[in-house]
Amino acid sequence: MKSSTWYAGILSAIVFLFSLWNILRTVRALLDWQILVEYGAPAVYILGSGLVWSLASLGLLAALLSEWRHTRRAGIAFSVLYWVWYWADRLFIQQSPAPNLLFSAIISVMALLAILPIWLLPDTKDYSTEEIE
């Protein structure tokens, strides 16, 4: 990552936090397996989704740090897919008894609208493309 790209640092930090969040989800699913089963939570799904998103976010972080030229597209796809998965999970798979949909909708849309412009900035594009001399 080029030191002149402040936005690359922000994106790296965000992706790193998503990695940690999903690693924690995976580890807690393993450690609390019996509790999840006891309360009827889909333990296999929680473990699997945590593992998939952990690996995906770690892959994206590696792409950011190695300046892979398709990182920008991968980051946009990751952001949108994570948002879609969040809503599919929330509405169809793990329905909450007190969903508070308005708050969740506002926060998730704001988060998506905050991250997508960073991926689309010209400075972000510059650090993830190969320079041809």
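See the structure shown above.
Counting starts from 1 at the beginning of each chain's written sequence and moves along it residue by residue. Local features in this predicted model are restricted to residues of pLDDT 70 or higher, and side-chain atom pairs are both shown and tallied only at a pLDDT of 80 or more, whereas totals for entire chains, interfaces and linings draw on every residue. Heavy atoms from the whole structure form the basis of all side-chain values; hydrogens and water molecules are not counted.

**Student:** What is the right way to read the pattern of salt bridges from this model?
**Tutor:** In a structure, side chains of opposite charge can pair up when their charged atoms sit close to one another. Whenever Lys or Arg places a side-chain nitrogen within 4 Å of a carboxyl oxygen from Asp or Glu, that contact is recorded as a salt bridge. By the definition in use, this model includes one salt bridge. In this structure, the salt-bridge partner of Asp32 is Arg28, at a minimum N-O distance of 2.9 Å. Classification of residues uses two cut-offs on accessible area relative to the type maximum, computed with a 1.4 Å probe and protein chains only: under 20% is buried, over 50% is exposed, and between them is partly exposed. Residue Arg28 is classed as partly exposed on the basis of its relative accessible area, which comes to 38%.

**Student:** Whenever I open this one, unusual backbone geometry confuses me. Can you help?
**Tutor:** Excluding glycine, a negative phi dihedral is what most residues carry, and trans is how most peptide bonds are arranged. Although it is not a glycine, Glu67 adopts a positive phi angle of roughly 60°. Locating Glu67 in the fold gives a position in the loop between helix 3 (43-66) and helix 4 (71-93). Segments assigned H or I by DSSP are reported as helices when at least four residues long, segments assigned E as strands when at least two residues long, and all are numbered from the N terminus.

**Student:** Please clarify how helix 5 (residues 101-120) should be interpreted in this entry.
**Tutor:** Each α-helix winds once per 3.6 residues, and so residues spaced three or four apart point in a common direction. The span one expects for a helix is its residue count, reduced by one, times 1.5 Å. With 20 residues, helix 5 should reach 28 Å at 1.5 Å per residue; the first-to-last C-alpha distance of 28 Å fits that figure. Residues of helix 5 that are buried include every one of Ser104, Ser108, Leu112, Ile115, Leu116, Ile118 and Trp119, and no others. End-on view of helix 5: buried residues confined to an arc of 155°, all on one side of the axis. In helix 5, the exposed positions that point more than 90 degrees away from the buried face belong to Leu102, Phe103, Met110 and Leu113. It is the directions from the helix axis to the C-beta atoms whose arc is reported.

**Student:** I keep staring at the side chain of Thr71 and nothing clicks. Help me out?
**Tutor:** Following the sequence through the fold, Thr71 ends up in helix 4. Owing to a relative accessible area of 0%, Thr71 belongs among the buried residues under this scheme. In the analysis that follows, any N or O atom pair within 3.5 Å is treated as a polar contact, provided that within protein one partner can donate a hydrogen and the other can accept it, and provided that, for residues neighboring in sequence, both atoms belong to side chains. At 3.2 Å, the side chain of Thr71 and the backbone oxygen of Ala63 are in polar contact. Looking at Thr71, its side chain comes within polar contact range of the main-chain oxygen of Trp68, at 2.6 Å.

**Student:** In this structure, what is going on with helix 1 (residues 6-31)? I would like to understand it.
**Tutor:** Its 26 residues place the ends of helix 1 37 Å apart at the C-alpha level, agreeing with the 38 Å of an ideal helix rising 1.5 Å per residue. Regarding helix 1, the residues found buried are Ala8, Leu11, Ser12, Val15, Ser19, Asn22, Thr26 and Ala29.

**Student:** I tried to follow a nonpolar patch on the surface on my own but got confused; where do I start?
**Tutor:** Here the term patch refers to residues with relative accessible area over 30% and no salt bridge, with like charges joined within 9 Å and nonpolar side chains (Val, Leu, Ile, Met, Phe, Trp, Tyr) within 5 Å. The Shrake-Rupley method, run with a 1.4 Å probe sphere, supplies the accessible areas, and residue values consider only the shown protein chains as cover. A contiguous nonpolar patch, built from Phe16, Leu17, Leu20, Ile23, Val27, Leu30, Leu31 and Leu58 and spanning about 710 Å² of accessible area, is present on the exposed surface. Tallying contributions element by element places helix 1 first for the nonpolar patch, with seven residues. Residue position: Val27 is located in helix 1.

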